Amino acid sequence: MLDVTVIEDAEAAAVSLDPIRARLLAELAAGPASAAMLAGKVGLPRQKVNYHLKTLERHGLVELAGERRKGNVTERLMRATAASYVISPLALAAVQPDPDRFRDQLSARWLLALGARLVRDVGSLITGATKARKRLATFAIDGEVTFATAADRAAFIEELTQGVGALVRKYHDGHAEGGRPHRIVVAVHPTVRPESAQEAAAGAAVLPDTPLPGTAPVTAAPAAPLPPAQG
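Quick caveat, the model's predicted, so the values are computed rather than measured.

Participant: So what's going on with the side chain of Arg117? Which residues, and what values?
Facilitator: As for its placement among the helices and strands, Arg117 is situated in helix α5 (residues 108-132). The class of Arg117 is buried, set by a relative accessible area of 10%. Setting aside anything within four residues of it in sequence, one finds Arg117 in contact with Pro99, Asp100 and Arg183.

In structure tokens, the structure reads:
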């Protein structure tokens, strides 16, 4: 079972969003089970659960884990194909976000569009690498920093922009034969705590937005390969 996988097909996305099927996916992510075993957990007849399982299997969301005899019946034990799922913007291709439509480094909505493109592109790369049975070279950093003031945040953003820009200028070689472009996405946003959406929104406003100097866009992408990691 994969830790996480991407859903790119619109029909598969619709299937996964059905409340009953989402519940079945959650149960099967915890371990293999038959339709009879799941029926009692979700409060549905076995035949109805079997119908939902076949639909999930048809869209590649669950798979056969094994079979067992129970009396005169052979039960199929199903399992989820992943512990969790991410729906790619490709599932809504006609209305998927496009960060190239506008560029505003201080816009949360532009950040959201960048995030959507990240999900779409990395999801497509994972799908391709899986089919080719190859490893995917990616790299990510995740961390948290607490700013005492909005001015500190602005200074951090300025230094971050300058640092990333310097690295890009150092390693980017647009004329390298056989070089492969890599996408760089750097984001800073307030941390979301386990609280209500209203409280989170109020917390996000603690540090007021101030003009951030030195945030000229970095447009070149480095061609140097990134440290390999399992996709």
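After that view, the rundown keeps rolling.
Participant: Break down the nonpolar core for me, citing the residues and quoting the values.
Facilitator: Judged by nonpolar contacts, the single largest core of 20 residues is most densely connected at Leu24, Leu28, Leu38, Val49, Leu53 and Leu56. At the level of elements, α1 (10-17), α2 (19-30), α3 (35-42), α4 (46-58) and β3 (73-80) are the ones that each hand at least two residues to this core. Of the residues forming this core, the biggest block, 4 residues, is contributed by α3. In this view, Leu56 contacts Val15, Arg21, Leu24, Leu25, Leu61 and Val62; residues no more than four positions away in its chain are not counted.

Participant: Residues and numbers for the pattern of salt bridges, please.
Facilitator: For the coordinates displayed, the defined rule picks out 8 salt bridges. What emerges from the salt-bridge pattern is a single network uniting Arg23, Glu27 and Lys41.

Participant: Can you break down the pairing of β3 residue by residue, with the values?
Facilitator: For a regular strand, the rule is simple: side chains alternate between the two faces of the sheet. Both strand β2 (residues 62-70) and β3 contribute to a ladder of 8 bridges, which runs antiparallel. Residue pairing in the sheet places Leu64 in a bridge with Met78 of β3. Joining the antiparallel neighbours β2 and β3 is a turn of 2 residues, in which Gly71 adopts a positive phi near 70°.

Participant: Which residues make up the layout of surface pockets, and what values go with them?
Facilitator: Volume-wise, the second largest pocket comes out at about 340 Å³. Along the wall of the second largest pocket there are 16 residues; nearest its centre are Leu2, Thr5, Val6, Gly60 and Thr127. For the lining of the second largest pocket, the elements supplying multiple residues, two or more each, are β1 (5-7) and α5. If you tally residues by element for the lining of the second largest pocket, the top one is α5, at 4 residues. Of the residues contributing to the lining of the second largest pocket, the split by class is 7 nonpolar, 6 polar and 3 charged.

Participant: Summarise α2; cite the residues concerned and give the values.
Facilitator: Spanning 12 residues, α2 covers 17 Å between terminal C-alpha atoms, matching the ideal 16 Å at 1.5 Å per step. Turning to α2, its buried residues are Arg21, Leu24, Leu25, Glu27 and Leu28. The buried residues of α2 occupy one face: seen down the axis, they fall within an arc of 165°. Residues of α2 that are exposed and angled more than 90 degrees away from the buried face: Pro19 and Ala30. Looking at the buried side of α2, the elements it contacts are α1, α3, α4, β2, β3 and β4 (85-87). N-capping of α2 is provided by Asp18, with a side-chain oxygen placed 3.1 Å from the backbone N of Ile20.

Conventions and cut-offs
Residues numbered from 1 in each chain as written. Predicted model: local features only at pLDDT ≥ 70, side-chain atom pairs only at ≥ 80, totals over all residues. Heavy atoms only, no water. Helix = DSSP H or I, 4+ residues; strand = E, 2+ residues; numbered from the N terminus. Buried < 20%, exposed > 50% of the residue type's maximum accessible area, 1.4 Å probe, protein only. Contact = heavy atoms within 4.5 Å. Core = buried A, V, L, I, M, F, W, Y, C linked by side-chain atoms within 4.5 Å. Salt bridge = Lys/Arg side-chain N within 4 Å of Asp/Glu carboxyl O. Pairing = 2+ DSSP bridges. 1 Å grid on protein atoms, 1.4 Å probe; cavity = no way out; pocket = protein on both sides within 12 Å on 5 of 7 lines; lining within 4 Å. Points joined across faces, edges and corners; volume = space filled by probe spheres on them. Nonpolar A, V, L, I, M, F, W, Y, C, P; charged D, E, K, R; others polar. Expected span 1.5 Å × (residues − 1). Arc of directions from axis to C-beta. Polar contact = N/O pair within 3.5 Å; in protein donor to acceptor, adjacent residues only side chain to side chain.

Worth remembering: the numbers are spatial, not functional.
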